[in-house]
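# Structure at a glance
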Amino acid sequence: MTSVLYDVPGPKARLYSMLGSVAGILIIVGVLAIAVMTLAQQGIFDAERWEIFYGPMAPDVWSLIGQGIVSTLVAAAVAAAIAFPLGIALCLLRISLITWIRVPTQVVLEFLRGMPVVLMMLFVLLVFATGQFTAVVAGLVLYNAAIFAEILRAGIQSLPRGQREAGLAIGLRSFQSRMIIEFPQAVRRMLPSLVAQLVVLLKDTSLGYIVGYEELLRKIQIMADFLGPDFLFPAFFVGAAIYILINLTVSRIAIWIERRGSKKAAGGMASAIKTVDLDVNAPVSETEVPGREKK
């Protein structure tokens, strides 16, 4: 199989590529081995340091971590539930045909995308004198709504122009065509990007630590400060593992939803093709043929 972008690698190129891959793997393994040996020399892997997760203090430790997980998930869920509809509204304003609506929306989106999330949290907390939870959710909503709007706009613009023209041709209004025909396709097409942004939103809840919101990271920091510096690495290691597990779960759920939607779409298309095939192959009686008289 040939490529129009580059020549097919020959035996020497494949050999060099394999040697480079092996060398890279060996370097990574070596760095990890050195890191593990260094941590072992410092006593990081001593059983006493990890006893907090399975010893007498385990119930209190896991209770504190559980409270942090709940706070993290609640903030992320509320922010996502508000940011996505707001992103749809901003997307509609951004692609509006009316200049005095489209241009100010573009300015607002660029401003929100360029502002650090933590600054928006601090602004809401200090200027409006809200609680920590409200400040965290508001900062996440403002930033992620802008990102969702741009992702959806990119998805709509990637659709063939015939999709919108077909909607208008059958009598739909512009807004109806956007919501009924274009947005569902844009969401399916941009689902990987939307999921990636949801993962970013979930991770950005850790910025609530700065405004005093007791999410997972702050709970772990409180636990580490109470137990002492010897338990700092185990506490943050478990916290990082929990973040990774939550993000992987979100990603797997999104992949499952995407595959389920693809199977439904493929099933509907196959059913339509089968129906058309049956109609084409159906026998036609003489009385159904125009211009032919029955003898």
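Owing to the predicted nature of the structure, the values given are computational and were not obtained by experimental measurement. Here the residue numbering is sequential within each chain, running from 1 through the sequence in written order. Local features in this predicted model are restricted to residues whose pLDDT is 70 or higher, and side-chain atom pairs enter the listing and the counts only when it is 80 or higher, whereas totals over whole chains, interfaces and linings include all residues. With hydrogens and water set aside, each side-chain value is computed from the structure's full complement of heavy atoms.

### Concerning unusual backbone geometry
- Not every positive phi belongs to a glycine, and A129 is a case in point at roughly 55 degrees.
- The buried label applies to any residue whose accessible area, calculated with a 1.4 Å probe on protein chains only, is under 20% of its type's maximum; exposed applies above 50%, and partly exposed to all values in between. On the basis of relative accessible area, A129 is assigned to the exposed category, the value being 64%.

### Some thoughts on the confidence of the model for the protein chain
- A residue-level look at the protein chain finds 86% of positions with pLDDT of 70 or above and a mean pLDDT of 82.
- Mean pLDDT in the protein chain bottoms out at helix 11 (residues 232-281), which sits at 71, and peaks at helix 6 (residues 132-157), which reaches 92. The predictor's confidence in any single residue is recorded as pLDDT, a number from 0 to 100. Here a helix means four or more residues in a row that DSSP labels H or I, a strand means two or more in a row labelled E, and each is numbered from the N terminus.

### A word on helix 8 (residues 174-189)
- Bend at a given residue is defined as the angle between two axes, one fitted to the seven residues that end at that position and one fitted to the seven that begin there. Maximal helix bending in helix 8 amounts to about 45 degrees, located at E182; proline P184 follows within four positions.
- Summarising the contacts, the buried residues of helix 8 are in contact with helix 3 (58-94), helix 6 and helix 7 (161-169). What makes two residues a contact is simply this: any of their non-hydrogen atoms within 4.5 Å.

### Observations concerning the environment of I82
- Relative to the assigned elements, I82 resides in helix 3.
- For I82, a relative accessible area of 42% gives the class partly exposed.
- I82 sits 56 residues away from A138 along the chain, and the two C-alpha atoms are 9.3 Å apart.
- With residues up to four places along the chain from it excluded, the contact list for I82 reads V137 and V141.

### Brief notes about the nonpolar core
- Residues F53, I65, C91 and V136 are the most contacted members of the largest nonpolar core, which totals 54 residues.
- In terms of residues, this core owes the most to one element, helix 6, which gives 14 residues.
- Not counting residues up to four positions away in its chain, the partners in contact with V136 are A75, M121, G208, V211 and Y213. To define a nonpolar core, start from buried Ala, Val, Leu, Ile, Met, Phe, Trp, Tyr and Cys residues and group those joined through side-chain atoms within 4.5 Å.

### A short note on the pattern of salt bridges
- Here a salt bridge means any side-chain nitrogen of Lys or Arg lying within 4 Å of a carboxyl oxygen belonging to Asp or Glu. Evaluated as defined, the whole model comprises six salt bridges.
- In this structure, R113 engages E110 in a salt bridge whose closest nitrogen and oxygen atoms are separated by 3.2 Å. In this pair, R113 and E110 both sit in helix 4 (residues 99-114), three residues apart, roughly one turn of the helix.
- We classify E110 as partly exposed; its relative accessible area is 43%.
- Between K219 and E214 there is a salt bridge; the shortest N-O distance is 2.9 Å.
- Accessibility expressed as a relative area gives 9% for K219, which makes it buried.
- Taken together, the salt bridges that share partners define one network made up of E110, R113, E150 and R153.

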